[in-house]
Structures are given as structure tokens and as C-alpha cells.
Amino acid sequence: MNEIRKDVIGNLAWGLGIMVLALVSMQARKLGWLEPETVTRLVIGANGLFVAWMGNRLPKSFVPNACARRARRVAGWSLALSGLVYAALAALAPIPVACWGGATALLTGVAVTVGYCLSLRHQAKAS
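Reading the values: the criteria
- Residues numbered from 1 in each chain as written.
- Predicted model: local features only at pLDDT ≥ 70, side-chain atom pairs only at ≥ 80, totals over all residues.
- Heavy atoms only, no water.
- Helix = DSSP H or I, 4+ residues; strand = E, 2+ residues; numbered from the N terminus.
- Buried < 20%, exposed > 50% of the residue type's maximum accessible area, 1.4 Å probe, protein only.
- Contact = heavy atoms within 4.5 Å.
- Areas by Shrake-Rupley, 256 points an atom, 1.4 Å probe, with all protein chains shown as cover.
- Expected span 1.5 Å × (residues − 1).
- Phe/Tyr/Trp six-rings, centres within 6.5 Å; stacked < 30°, edge-to-face > 60°.
- Salt bridge = Lys/Arg side-chain N within 4 Å of Asp/Glu carboxyl O.
- Core = buried A, V, L, I, M, F, W, Y, C linked by side-chain atoms within 4.5 Å.

## Regarding the overall build of the protein
A count of helical and extended segments in the protein gives 4 helices and 0 strands. Shown N-terminal to C-terminal, the secondary structure of the protein runs as helices and strands in the order α-α-α-α. Within the protein, the proportion of its 127 residues that are buried is 31%. Considering only residue pairs separated by 6 or more positions, the protein has 69% of its internal contacts joining residues 24 or more positions apart. As displayed, the protein has an accessible area near 8100 Å², and 69% of this comes from carbon and sulfur atoms.

## Describing helix 2 (residues 36-54)
If you check helix 2, its first and last C-alpha atoms are 28 Å apart, about what 19 residues at 1.5 Å a residue would give, namely 27 Å. Along helix 2, the positions that sit buried rather than exposed are Val39, Arg41, Val43, Ile44, Gly45, Ala46, Gly48, Val51 and Ala52.

## Remarks on the packing of aromatic side chains
Counted under the stated rule, the structure contains 3 aromatic pairs. Centroid distance Trp14 to Trp53: 5.7 Å. Interplanar angle 40 degrees. Geometry classified as tilted. Taken together, the positions of Trp14 in helix 1 (residues 2-30) and Trp53 in helix 2 put the pair 39 residues apart, joining distant regions of the chain. Residue classification places Trp14 among the partly exposed residues on the basis of a relative accessible area of 24%. An aromatic cluster is present here, built from Trp14, Phe50 and Trp53 joined pairwise through their rings.

## Structural notes on the pattern of salt bridges
In this structure the tally under the stated criterion is 1 salt bridge. For Arg41, the salt bridge goes to Glu37, with nearest N and O atoms at 2.7 Å. A residue pair is termed a helical-turn pair when its members lie 3 or 4 positions apart in one helix, as Arg41 and Glu37 do in helix 2 at 4 residues. We classify Arg41 as buried; its relative accessible area is 17%.

## Considerations on the environment of Leu42
Take Leu42: it is sitting in helix 2. For Leu42 and Ala90, which are 48 residues apart along the polypeptide, the C-alpha to C-alpha distance reads 7.6 Å. Beyond its immediate chain neighbours, meaning those up to four positions away, Leu42 contacts Leu21, Ser25 and Leu34.

## Observations regarding the environment of Val74
With respect to the element layout, Val74 can be found in helix 3 (residues 65-92). Exposure remark for Val74: the relative accessible area of 26% places this residue in the partly exposed category. Note: C-alpha distance between Val74 and Val114 (40 residues apart in sequence) is 10.0 Å. Among residues more than four places away in sequence, those in contact with Val74 are Val112 and Tyr116.

## Description of the nonpolar core
With 5 residues, the main nonpolar core is built from Ile44, Val51, Tyr86, Ala90 and Leu106. Look past the residues within four positions of Tyr86 in its chain and what remains in contact with it is Ile44, Asn47, Gly48, Gly102, Ala103 and Leu106.

Here it is in C-alpha cells:
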């Protein structure tokens, strides 16, 4: 129960943080302190960093405890890397490339994670 509460609080903190970042960035844009593209890049980059953070937390809900360490390692790497690619594209690439490339990176990371976790789950049921 304590672990669930910790996860919910962490997720809510990220969501609130991204919303505050978006609102503060929009206000800064209205005041002329930021360009519209910078606001977009900040929010997209924050979303990518959130995915990277979640990369180490997601697999616990998909696999039995005996396999959790392997699943966490694969998920941590795949989601963390895809989240960082997403954030880097948001910071450096043209916006259309950042959107398509970032979405592709995230979908690839999620597919690798879910596929690996489901294969571990299947192996655990078979044993």
C-alpha cells in the first residue's frame, strides 16, 4: 500500500510539475521572455524526461518478483533511452522532426518494454 501511495504521489508530482512548467512558460511567452517554439520544446522535453523516469518504475506491475530485476533492467534502458531521445529531439531538432522522431522513439521504447515483460510473464506461467 505504501509503495502504491509513493507511486501515485510521484506521478502526481510529475504531472503537476509539467503543468506548472507549461503555464509558467506560456506566461513568459506572453510577456515576451520566451519564443513560442521554446515553450513547445520545454514542455515536450519535460514529457520525455518523465518517460525516462517512468522507465524504471513500470515493469514492477507486469512481471513476477523473480523476473523483476531483468525486466527493470531492460525497461529502464529502453524507456530511459527513448525518453532521453525524445527530450533531445525536442531540444535540438526542428519541431516536426521532434514530434515524429520523438513519438517513434517513445513507441519503440514502450514496445520493447511491454514485449519483454510479457515474454517474461509467459515464461513464468510456463514454468
